[in-house]
Amino acid sequence: MHTSLLPGVFAIVLGGIDGTSGEISVDYLSAEDPHIDFEGAYWEERNKLVKVGVGKYGESIEQYLNPDEEYDDVYPDDFFDEKEEAFESLPDHVKIDYLGEDYDSQELDHRELTGKLGRGYLESLCGRDEGKPCASTNFGELHCANYGKNCTMDSWDCQTFEGVEECIVSKVGVDVYRLYDEPIYVNTLRSKYNITFENIEPFVDLSAAPCVDWSDHFGSDTSFPEGVTIPPATCITMRKFTNNEVLEFGDVINVLGKWIFPDGTRVTLKFPMMYVQGLLRMVSTALIDNEPEITFELNEPFTAPDRHFVPYGENAWICPEGGCIVGKNGIVVAGGKIDIRGMPPNCPTWSKIEYIEADDMSSVPVEDIPQQSPLPVNTTIPCSDTVVSENFAVGMGKFYGSPGTGEEVTSVGHTDDYLRITNRKATWMGAVIELRPEEKECVLPNDMYLFSVNIRLSRSDGAATNCATDHTNCPVLSFSNMNAKDQVRWFTLATLKTDVEVVDGEWFLMTAEIYFTELQLATDDIFTAIYLTGPEEGVDMDIDNFKLQLPPTFLYPPLVNTCENLIINGKGDLMPGFTFPMTSWLKAEKLVIKYDENGDSYFHLGPRHEEYSTITFDMLPQCLDDTVQYKFKTRIWVHSEEPVRPRAVMKVHHERNKFPKPYHRNFHFDVITICDETSNSIGWITCEETVEFEYFHIGSTRIQFLFLTEGSTADVSYADMEFIHLKGKQTGGLKLPEEIHGCWGAGPNAFITSEEILWDKDKVRPITHVREDGMLFLDVDEEFEMPSSIEEQGIYSPEVALMRRNILFTAPKDPDDPYFGGFFLILKSPTGHTIEGLEIQNFGQQRNVAKYPINIYHGGSHKGTRISKNYIAQSNLRGITITGTSHVNITTNVFYNISGHGIVMEEGSEMYNYIEYNMGARFIPIIIENNWWYQEQDDRARFLMIKNPKNHFIGNVGTGGFWSAIWFQLHNSFHGESRRHFPPQNPRKLPILTFRDNVAHSNRKSGIQFHPTYYWPNTQQYLYNTISYRNMWFGIYFFGTEHVTLDGGLVADNRIGIDLNYVDKVEVTNFDVIGYSDLFKDYIDSTKKKHLCWEFEDASPAVHGIRIHPNLMDHFHDWGVKLSNITFDRLYDDNGCPGSKAIIMNHIFKDEVYSNKIAMFNLTFNDENEIFDKFNMCDGEDAGLLDVNIFDGGDLNPEGPEAGSGWIVSRDTNMTRLRESCVLMEGSCAYYCKGKLTCMTKVTSEIEYSDTDDYILLVEDQDNYVRKIDGFRYLGISEEQVTTNWSARRHFAVTLPEGNYTASFWKDGEMVWPGFVEADIVGNWICKDEMNSFEFIIPDPEPGYCDTLIHNGDMEKSDDIGESMWHDTGGGLEYMSPGHNSNQAIVNLERKKLLSGFAHFADDRCLVLGERWLVLGWIKMSNNDECDFLSVSKRLTPMCPRWSLKMQTGRGVTAETSMVFMGRTVPPYKPSEWNLVAGTFRVDEFVMAGKN
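Residues numbered from 1 in each chain as written. Predicted model: local features only at pLDDT ≥ 70, side-chain atom pairs only at ≥ 80, totals over all residues. Heavy atoms only, no water.

So, the sheet that holds strand 44 (residues 629-638)
The antiparallel open sheet is built from five strands, whose spatial order is 41-42-49-44-47. The two strands at the open ends of the sheet, each matched to only one other strand, are strand 41 (591-595) and strand 47 (685-692). Averaged over all pairs of adjacent strands, the angle between their axes in this sheet comes to 35 degrees, without regard to strand direction. Two strands pair when backbone bridges link them, and strand 42 (residues 601-605) and strand 49 (residues 716-725) are joined in this way by three bridges, in the antiparallel orientation. Counted as the bridge partner of Leu 605 is Val 716 from strand 49. (Pairing = 2+ DSSP bridges. Helix = DSSP H or I, 4+ residues; strand = E, 2+ residues; numbered from the N terminus. Axes fitted to C-alpha atoms, helices over the stretch in contact; angles between N-to-C directions.)

As for the sheet that holds strand 40 (residues 583-584)
The five strands lie next to each other as 40-43-48-45-46, forming an open sheet whose pairing is antiparallel. Strands at the two margins of the open sheet, each flanked by one partner only, are strand 40 and strand 46 (667-674).

Re the state of the cysteines
Counted by the stated rule, this structure contains 10 disulfides. Cys 211 shares a disulfide with Cys 235; S-S distance 1.9 Å. On the sign convention where negative is left-handed, the bridge of Cys 211 and Cys 235, at about 60 degrees about the S-S bond, is right-handed. With Cys 211 in strand 13 (residues 211-213) and Cys 235 in strand 16 (residues 235-237), this pair connects stretches of sequence that are 24 residues apart. Its relative accessible area of 44% is what places Cys 211 among the partly exposed residues. Covalent S-S linkage joins Cys 347 and Cys 743, the inter-sulfur distance amounting to 1.5 Å. Measuring handedness by torsion sign, the sulfur bridge of Cys 347 and Cys 743 sits at about -70 degrees and is left-handed. You can see Cys 347 sitting in the loop between strand 27 (337-341) and strand 28 (350-352) and its partner Cys 743 sitting in the loop between strand 50 (734-735) and strand 51 (749-752), a full 396 residues away along the chain. (Disulfide = S-S within 2.5 Å. Buried < 20%, exposed > 50% of the residue type's maximum accessible area, 1.4 Å probe, protein only.)

Details of the pairing of strand 33 (residues 431-434)
Along a regular strand, successive side chains alternate from one face of the sheet to the other. Pairing between strand 30 (residues 399-401) and strand 33: three bridges, direction antiparallel. When the bridges of strand 33 are listed, Phe 399 appears paired with Ile 433. Sheet analysis places strand 33 next to strand 38 (residues 527-533), joined by four bridges and oriented antiparallel. Of the residues in strand 38, the one forming a bridge with Ile 433 is Ile 530.

Below, the structure is given as structure tokens:
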């Protein structure tokens, strides 16, 4: 028998059991022609009363079916899966609040109600508004009767809309509510209906309220312990607060009227909570300097209880008695209106850098720059600037203990290994390291060496050490040598500085500057050693990080940009413990490093004995001429009782008589500036001056810097010393738009985004001034690296953003919870808000949901609401979140250092919003462990999280994301409160309204990411001009995505530019794909920053342009991936990243047979690539990939594009017949084929997985060539299923050229039939019509085979469940023993769904139109005490097991799975015992569709 392939499958299913927590077991199942072994039974048509007499096993069988109930309704396979959780909380009885005259306020059992009302009345009620049918024609199954008027539900709630009098909702009957028939409560942000707070203005006339001054209404007090209320119908203005006054409130500020902060107001308010039910207006258009004009500081502590908000007036009914719980330490807008404008008009918030002012400073010759002394040459061993460096990570090295001591390397009580010296009996005993003669050859005599070591002292008897008690017997570094005459000499190299605090059992740092003499370094000595000794007997010494070295190069002036800062190590932090090159003017007086309470280092000189005792350092005279300006700046503190004015002085050395009097001597002193007064009581002062130089400076031979304190010998501290070159140098001259002038002022910080592949390399510097032409100048130090500009790096130049606004909302850090800040919530309030130019610092509460810096919560349509130009920073949780709200304009906001995501659409119902031209950097993971934030992946922070694509995304820049910048996280339904308040929609299916000109760079993982959720819109969606560069991994990452086109844009300097992982109908067109760009390489070469290949060129991971997965999600789609009009550049070995390729195949896959459909046109390769650099699938071949066939427009043809288009095919056996028309693609593991036979079509055949592992498929063409195909598990994008699941298939795939084919299944040399075949010609869009015919040879069944549809009904065939021929529809299967009067049965485990049960496929050869079949089986349930054998409503009452027919028609995107009920449990039901389930069905057209 031959048949053309028509896909379909038919199965008999035992399921529908109400309980989902228990196990069910089955035994002795059969599906037979009813005349066989079944005496005395008679059967009527389905849906009629059925009586059964004596069954096959002698039992009495009866079924009672309600004639009014319909059983032929077809329900999708997952009809109730989504509703499972909601069902658990439904009431047992039907509630009727209103249903007309006849049934007013009654409670009826559902069956009674069904009988009384009947189907006809229900249909009339459902469709009365617009004539639309109900969701179900069965009364008990009704899930939203008011279907025609936006009536939606998820549990038992029902949303009512304007004009709808009633809303009927039920899955257990009917609930009918009149609109506002009774109070509907809002508590903890959740309401029974989606009720919003009404604007207070309609019932309190705000417009008529005259404005009065605050003091006229509240008096002159500045403290209000009880809080205040701005009364309704009242307008309060703060216009008289212009001098930074501070008002403090001990309780809530409740705004019921109007509260106005006019332009020019300067005031700070400190309060615990604010409610806005009226109008809050704040305006400030002043130049933005370092201090905000208006500050709201929220100060409620973390330990305070949550507050209860009681609405005013006609909104009062919305909250229950006692109020709605709204949290603490926040600003809550409930029915009120916000109007905040905190920036001058037309003021930019961020910009690219156009260019940087040029440097007119000449370079200093290298020979004139002081540097480390040259090391000796021609020595026995190569010399290093480090004499000793030991951290004991691999043992003791060259160290050992003095004779008689204990010595060991351990890590006890420390983070890493260290040397412990114990059993010390004398002060001279300690740690020893010898210097060999060849090592001494490398030490420079009379040169400074820096010594440092970490030490910890302790006594085993617990007594205090002398060093900790009175600073005696402290560690000493000694030097000893024995000359050829056996004379031993000892030298003390260093003692512990007296300012070092020693605490027993704690580590401290010992440092010293050491000079070696020629005598000490004599190479003919017999013995030379360095000792670390000193503490008294019984003191154990722990030693770590012992280092002796010349001053490193970073303590000398740099060879590049030498003159940027004339002071080196001005903060004292370049090398902990060392002041070099700073020294004390008087050698007898010690200059040391100390640390303040914040851990910041500073210099300290003391005790001083002379007023001219000072810190000193040399300045480079070569950096000076008469055109330059320098800015000298430092902090200084003279620790005297009386105020002192220090003088900054230069001692200028020059030849005698070179200059006229008074500069004729060989030196003179030149005062730079006289600083302000300082003393013990005054503390630190800042001393600064702009310095210009004259001829005697320029011709000098040496310039020394001094600080003189005339009349005082008190100790002096110095910090943050710098001598910055101003004139003509790149000191922050960044060209931005001219509009910043008059808007950005001096004082605030600006941040510059990262230019690297590292996500956290942004820079923050203060603004010094802004020129009229938009030139921005920053206060920079010696560590600052100037950013690139568009002039230098083009599109890759970083962004600059202003970090201050005139209006500030802030909250201090809470000592009990550092992640607890303020929040700003617009709660279910009307539209029309303006939040513009607001700065928010330390808002967000990681332990509390919906407590964000800005959150518009379930406001419905918010047309007219604008959130723009705000600066949100140091947030504890997110930036801007919109929840259940649409039509909001979120534009030109700036985000910095945000915990969690920056912009969030929270529940998936947010649509028609405009997200435009926002920019953010540094999005860090949340810290508090909270399952909600982990579910939302705030621990993988992104700039923009999109849960609904139906919005506008334009011109945004995301950088510094811990995970990615822009993330499409789409679920298959709304969640949170939106599930109850909005008509159900699937965000994965919704269109993208606009996505263009968005940029992602410098993110830790990906730039733009469609993963791990899916996106399956029905029509093609377009992302225009998308740019993603310098991300650590992927530029753009697609997973589980279909119908998306990337049209225009660029990816560059990512590990993989574009990753297409399990995508269908995804196109990339008009794109530039760059590997390691020339501009980035230039940047790396000049800065030595990290790049993707870094310095280990021969071992670096390769950089790839586009990676394509060999499998589709749904291989029945007619096309998968299109690449067109793409230019590839810098993707080859010579770019410094060996192994780089333009296009590769993903070698990580679940299904080894290629199922994608890839076509490539108009590809350009700018490099002189080999063919294997352009396209390569060798990794895929190594992983076992088969049957690859990719269309190419000719650009990859090894013979050249002019040779024409063709197909790239893999080198496996199934493709070898085509080689006569193919050319090997050298190094690519592929052939390039041309001609008609290379236009390939794939045919797939899927059969039951159980007991078919020995099946093979033979496919024969018209030339009698036979292909042998082995089957495998086809998984696609899905995770691996239990092999007993009914959807598990054995997959056979073959790729064929044009022709006529027959196919047959074989096992052990005999032709067999697997019962059914789901077979498809999977067309390729380029040659979809090439297949002529494909038919199966179906052997006739053996005699008697079709007497039953269920084989192995007694469950005794095998003890291997994989060979049982039985399948689960959820959970899994196992054998159990004993069965029902038998050795074994099958048990369905881990049931999670209502429809989890058993399934058995029917052999389609046995189904004949018109025949009737009887289905019988025994079942036992655990954890289920009772069930209702009459119930068919699935969740109405506990339901007994039932038989159904399950059919699938179509394949892939056209597949439809349906179920039809056809049998139930025979009463009476016996808990925890075996019960009979019986049913019958007739093979009608519907069943035959499943057969086919």
